[in-house]
Structures are given as C-alpha cells and as structure tokens.
Amino acid sequence: MNSGKKLVWQDDSGSYKGRFLQPLVVGLVCGVIIVLFIVMGIMDLRRSENTLRGFMEDQGLSLIGILERLAQENLNTLIKAHQRGEVDTYAPRGDEAFSPHKWLTHALAGLGREIDGKWMADDLSETYLRKFAAEKNLWLIAVANKQGNVVFQSRSLPARIGDNGRQLPANELSKDLIERLSAEKKIGFLALKRKDGSGTVIIALDNDGLRYWSVKVAVEKALEKFGEAQGQGQGLSYIVLRDGREVLLGRTGVIPVPWKKDELDRELLLAGKKKILSRTVLYQGKKVLDIGAPLSLSGQIAGTVRLGMEMGSTEAVLQENMRSLFISLSFVVAVALLSMWFLYRTQNRHLAGIVEMERRLEKAERLSALGQLAAGVAHEIRNPLNAISMASQRMKREFMPSEEDKQREFGMFTGIIRDEIRRLNGIIEEFLSFSRSRRLELHNYSLVEVLQKIVNLIREEAVSQGIQITTVWDSQTVTIPMDMDKLQQAFLNFLKNAMESIEGGGSIEVRVTPNRKGHVTVSITDTGCGMAPEEVEQIFSPDYTTKEKGLGLGLALAHEIIRGHGGEIRVFSQPGVGTQFDVILPSKEDLRG
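Here's what I pulled together on the structure shown here. (Residues numbered from 1 in each chain as written. Predicted model: local features only at pLDDT ≥ 70, side-chain atom pairs only at ≥ 80, totals over all residues. Heavy atoms only, no water.)

### As for the sheet that holds strand β3 (residues 150-153)
Argument step 1. One open sheet accounts for four strands, arranged β3-β2-β5-β4; its pairing is antiparallel. In the strand order of this sheet, the two ends are held by β3 and β4 (188-193), each with one partner. Strand-to-strand twist of the sheet, defined as the mean angle between neighbouring strand axes without regard to direction, takes the value 20°.
Argument step 2. Pairing between strand β2 (residues 140-145) and β3: three bridges, direction antiparallel. Across the sheet, Val143 pairs through a bridge with Phe152, a residue of β3. (Pairing = 2+ DSSP bridges. Helix = DSSP H or I, 4+ residues; strand = E, 2+ residues; numbered from the N terminus. Axes fitted to C-alpha atoms, helices over the stretch in contact; angles between N-to-C directions.)

### Section: the packing of helix α2 (residues 102-120) against helix α3 (residues 126-135)
Argument step 1. Contact geometry of α2 with α3 gives a least axis separation of 12 Å together with a crossing angle of 160°. Our classification of the angle between α2 and α3 gives roughly antiparallel. When the axes of α2 and α3 are compared, the crossing they make is right-handed. Facing α2, whose interface residues are Leu111, Glu114, Ile115 and Lys118, α3 presents Tyr128, Leu129 and Phe132. (Parallel < 35°, antiparallel > 145°, perpendicular 65-115°, else oblique. Left-handed = near helix turned anticlockwise from the far one by under 90°. Contact = heavy atoms within 4.5 Å.)

### Observations concerning the pairing of strand β16 (residues 568-574)
Argument step 1. Burial runs high along β16: five of the seven residues are buried.
Argument step 2. The pairing of β16 with strand β17 (residues 578-586) spans seven bridges and is classified as antiparallel. Pairing of Val571 across the sheet is with Phe581, part of β17. (Buried < 20%, exposed > 50% of the residue type's maximum accessible area, 1.4 Å probe, protein only.)

### Some words on the packing of aromatic side chains
Argument step 1. Applying the stated criterion across every chain, the model contains five aromatic pairs.
Argument step 2. On the numbers, 4.8 Å between centres and 55° between planes, the contact of Tyr238 with Tyr283 is tilted. Of this pair, Tyr238 sits in strand β6 (residues 236-243) while Tyr283 is found in strand β8 (residues 277-283), placing the two residues 45 residues apart along the sequence.
Argument step 3. On the basis of relative accessibility, which here comes to 1%, the residue Tyr238 falls in the buried class.
Argument step 4. Three or more aromatic residues joined by ring pairs form one cluster here, namely Phe491, Phe494 and Phe581.
Argument step 5. One residue, Arg194, lies across the ring of Trp119, its end atom 4.2 Å from the ring centre.
Argument step 6. Above the ring of Tyr212, the side-chain terminus of Arg245 is found at 5.9 Å from the ring centroid. (Phe/Tyr/Trp six-rings, centres within 6.5 Å; stacked < 30°, edge-to-face > 60°. Lys NZ or Arg CZ within 6 Å of the ring centre and 35° of its normal.)

### Quick look at the nonpolar core
Where a protein is soluble and globular, its nonpolar side chains tend to be buried together.
Argument step 1. Within the largest apolar cluster, 48 residues are counted, with the highest numbers of intra-cluster contacts made by Leu138, Trp213, Ile239 and Leu241.
Argument step 2. The biggest single contributor to this core is helix α5 (residues 207-230), with nine residues.
Argument step 3. Among residues more than four places away in sequence, those in contact with Leu241 are Leu67, Val219, Leu223, Val247, Leu248, Leu249, Gly250, Leu295, Thr304 and Val305.
Argument step 4. Counting residues in each nonpolar core, the second largest holds 41 residues, with Leu451, Met531, Ile539 and Val583 among its members. (Core = buried A, V, L, I, M, F, W, Y, C linked by side-chain atoms within 4.5 Å.)

Here it is as structure tokens:
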C-alpha cells in the first residue's frame with residue numbers, strides 16, 4: 001500500500017452517528033434567550049444613555065439660564081445708560097472713547113482700530129467700507145484726513161435732513177450735520193483720532209445697530225463673567241451665541257462644525273417650538289454633547305446658543321454598563337454552550353450505549369443461533385459422515401472392479417466422496433470454532449513469537465503460490481495478554497484471506513509497531529485485488545462471503561477474537577492496489593470482555 005492510503009473501515013462501535021433532536025431544541029431555546037438578553041441589554045443601555053443625556057441637557061439649560069441672566073443684567077445697564085442720556089451724540093475726536101459706558105465704546109473702538117490699520121496699509125476703499133459696515137451692522141463708517149475732510153465713507157449723506165435730492169460732497173461731513181442726524185434720525189456717532197493727529201475714524205450706529213451692538217457687548221461681558229465663575233473645568237468645551245440672522249454675538253473655545261439642516265432646525269428654536277436640541281459629536285478628540293437652545297433676552301428670543309459639554313463621565317458609565325452587559329452575555333452564552341455540549345455528550349453516550357447493546361444483542365442472538373446450529377450439525381451430521389467415510393473406504397478396499405478402466409472411474413468417485421466428507425467436517429469445525437471464539441483464557445505471551453509461528457506455518461504454501469511473505473518487527477519481544485490459540489487462529493485467518501486475494505504472485509508484509517502507550521499495532525498488508533468500500537463494510541459479517549465454497553466465517557471469527565482481546569481493526573483498501581489490516585491490541589489487561 002502507498003503512503004497516501006485511505007481508511008475505509010474502522011471498528012468503532014462505541015460512537016453513535018445519528019443526530020439528536022434534544023440538543024437542537026435546547027440550542028434553539030438558548031439562542032432565543034440570548035437574543036432576548038441582547039435586546040433587553042441594548043434597550044437598557046439606550047435607556048441609560050437617554051437618562052444621562054437628559055441629565056446633561058438639563059445641566060446645559062441651567063448653564064444657559066445663568067448666561068442669559070448675566071447678559072440680561074449687562075443689557076439692562078446699557079439701556080439705562082442710554083435712557084439717562086449718558087451717551088453723547090458726538091464724541092470728540094481722540095484715542096479714548098468718552099462714552100460713559102466703556103463696554104460698548106471699547107467694542108466699537110476695536111472696529112475703528114481695524115479700519116485704521118487697513119488705512120495705514122493703503123488697503124482701504126469705499127467698497128471695503130460698505131462690506132465692512134454691512135457685516136458689522138454699522139450705519140456709517142468713514143475716515144477723515146488731518147484737515148477733517150472725509151477720504152472714504154461707506155455711504156453718502158444728504159445735504160439737509162429730509163432732502164433726498166442733492167448729495168453732500170464727501171468732504172463736507174460737518175459737525176452740524178452729525179448733530180442733526182443724531183437728533184432727528186437717532187444716529188449715534190463715535191470718532192477715534194490717531195495719536196499723531198493725522199486722521200480720524202468715524203463710526204455711526206442707528207437703532208438696529210445700537211441694539212445689535214448692545215446685545216453683543218452684553219453677551220461678551222456675560223461670557224467673561226461666566227468663564228470666571230464656571231471656568232473650563234466644569235466640562236464645557238465651547239459656547240457659541242448667534243443672533244437671529246446667524247451673526248456671531250460671542251463665543252468661548254473653538255467654533256465647532258456647524259449643524260446640518262437635518263440635525264438642527266434653528267427656525268424651531270427661534271420660533272420657540274423647541275427648548276433644546278442635541279447631538280453627540282467628536283470635538284478635538286473627545287466625545288461632546290452638542291446642545292442647541294434659544295437665547296432669550298428682554299422676554300424675547302434674540303438668537304441661539306450652542307453649548308458643548310464633555311461626555312467623559314457619561315461615557316465612563318455607558319462603557320461600564322456595556323462591559324457588564326458583555327460579561328453577562330458571555331456568561332449566558334458559555335452556560336448555554338456548556339449545557340448543549342453536556343446534553344449532547346450525555347445523550348450521545350447513552351444512545352450509543354443503547355445502539356451498541358442492541359447491536360451486541362442482535363449479534364449475540366445470531367451467534368447463539370449459529371452455536372445451536374453448530375451443535376446440531378455436529379450431533380446430526382458428524383456420525384452419518386463417519387459412517388459414509390468408513391463405507392467409502394470399505395467399498396474402495398473390497399468392491400474395486402476388476403476392469404482397469406472401471407477401477408479408475410471407481411477410484412474417482414470414491415475420492416469425491418472422501419473429499420466432500422472432509423469438506424463437511426471442515427464446515428462443522430468452523431461452526432464449532434466460531435461458537436467457542438468468545439471464551440478466552442488470557443496469559444502473557446510474546447506477540448512476535450505467535451506471528452512468527454504462523455508465518456512459518458504458511459510460508460511453504462505461500463511460496464508455492466508465488467507469494468513472498470516479509471516480516472518487519474523489532475527484535476525486542478512484545479508481550480501482551482492473549483489467548484494464544486485463538487489469537488493465532490485470528491491472525492492465521494487474516495493471512496489466509498490475504499493469500500486468497502492474490503492471483504498470479506504478489507507479496508504480504510507483516511509489521512509490528514508499538515504505536516502509543518499501552519497499545520501495539522499489527523499491520524498485514526497485501527498486494528491483492530483490494531476491495532470497494534461497500535465490500536469492506538460487510539467482510540466481518542458472518543453471513544457474507546465472496547467465496548464459491550465455504551461460509552466466510554474466517555474474518556468474522558477473527559473480528560470476534562480481536563474484540564474479545566479488547567482490540568480494534570482498521571481496514572485500508574483500494575480495488576486493484578491491495579488491502580491493509582491494522583490490528584490494534586492493548587498490551588495491558590484493560591480488556592472489554
């Protein structure tokens with residue numbers, strides 16, 4: 001046999017090959033339980049997440065309320081200052097703002113310095129001033145030279161109040177006109193003069209602009225106080241406030257990614273239909289709850305507030321809940337799998353035992369019937385056979401014809417009778433041997449010596465058929481518990497079967513290999529005709545044979561003897577290539593009986 005031999009049969013009666021319904025049902029039930037457990041865990045996680053998110057939203061609304069209160073106080077201060085007339089209609093040109101309320105003046109002075117920087121860099125134009133005034137919600141922004149003549153301005157002014165005809169020349173922005181605009185159109189002016197007196201920046205606000213800058217300054221000062229009171233250690237990542245036109249009023253921190261239309265509908269917040277909207281975003285490598293809410297000032301919604309609150313503690317709680325769910329789920333899955341395995345293993349063992357008991361009972365019944373048949377055959381046939389044998393011998397001796405040709409014919413017939421009597425006796429002996437095969441008397445003998453004795457016994461017959469027998473084993477004696485006569489009969493049957501499978505010459509190899517602890521393997525390999533898998537499945541059945549003569553009990557008898565010694569048989573066979581029988585025997589007395 002080649003090294004790529006394929007196992008086609010193995011004596012493995014201790015395992016059951018069928019499928020059992022109970023483990024599948026248990027697996028299905030466990031699967032349903034696991035799915036329900038997962039669903040409940042996910043629902044619990046979502047419930048916890050919503051609870052924690054609601055808590056953070058309430059905390060965010062509370063912080064927004066504090067910010068609104070601070071901004072409202074600042075706005076009330078500005079309104080009161082304006083109502084007392086503390087804001088001059090015309091501020092003298094100078095580097096400092098003379099408004100009694102310096103918050104608003106300082107904010108506008110910052111715009112003047114920005115324009116002055118552009119002017120000094122010779123990068124100023126009326127187009128730029130118009131765009132700048134529109135962005136900053138200014139009624140007018142202009143620059144005048146050292147002589148007081150306007151060089152650039154964001155808009156043209158009328159010569160007289162109510163006169164929309166002739167436009168005043170650009171260099172005729174007089175103090176008188178400014179005062180009349182302030183008085184009749186409620187336009188406030190602020191003039192900032194360079195330190196060297198080389199020029200002046202003029203900023204004018206109407207009521208809408210004044211309202212915007214009052215809210216902006218109030219919000220920015222509120223953010224300063226809010227930051228001093230709360231600090232950045234309270235889990236706040238950023239605060240961004242915008243008015244109804246989405247113009248920035250104030251901020252702390254880096255402005256985050258804008259909301260998308262489907263994420264935050266500002267119209268709902270500005271209309272008061274929603275008190276809060278939120279989402280979870282990744283901000284500077286951290287998870288942040290991004291909250292949007294309306295900004296209420298003076299009893300009206302003046303814009304929107306975006307508040308970013310770090311979710312570190314919330315994420316820690318959620319991660320702990322997730323970890324607990326995973327551990328519980330792993331435990332449930334482990335218990336379910338262990339239960340299925342234990343049930344399958346126990347059921348497999350029990351059902352396999354039942355199947356084996358049924359198989360053995362069936363075989364025992366067959367063997368019992370064969371034993372009874374053998375005893376009956378021995379009793380009923382042996383005596384008549386002896387009488388026939390003696391009668392044939394007497395006929396040959398006393399009734400031999402005198403004619404030579406009849407003598408030859410007479411001798412042929414008597415020889416046939418004698419041979420058939422001998423064959424019947426062999427059949428009877430085979431039945432009797434099969435019925436006695438399970439009664440073993442075990443003693444320690446050398447396995448190599450038994451095999452060598454068998455090889456010596458059949459070697460001459462093998463040579464006569466052109467078959468070469470080779471032996472491969474260690475010189476060291478392998479001793480195992482055995483019933484020597486019966487084990488010798490089993491191996492003799494294996495070798496005879498191998499010889500019968502070879503036609504026209506071939507070889508047989510007998511090999512002894514101690515393979516694993518407590519076991520030894522005897523391999524008998526031939527170069528005969530080989531067998532198909534369906535044939536191999538039946539060769540150890542007492543009622544199967546491929547021989548024209550005989551009952552085919554040789555391999556069945558060998559199988560019973562090997563099983564009685566606690567061994568097992570493996571068969572490797574390929575049609576046209578040959579067959580290998582591996583007989584694995586225990587070298588200790590751990591026999592199954």
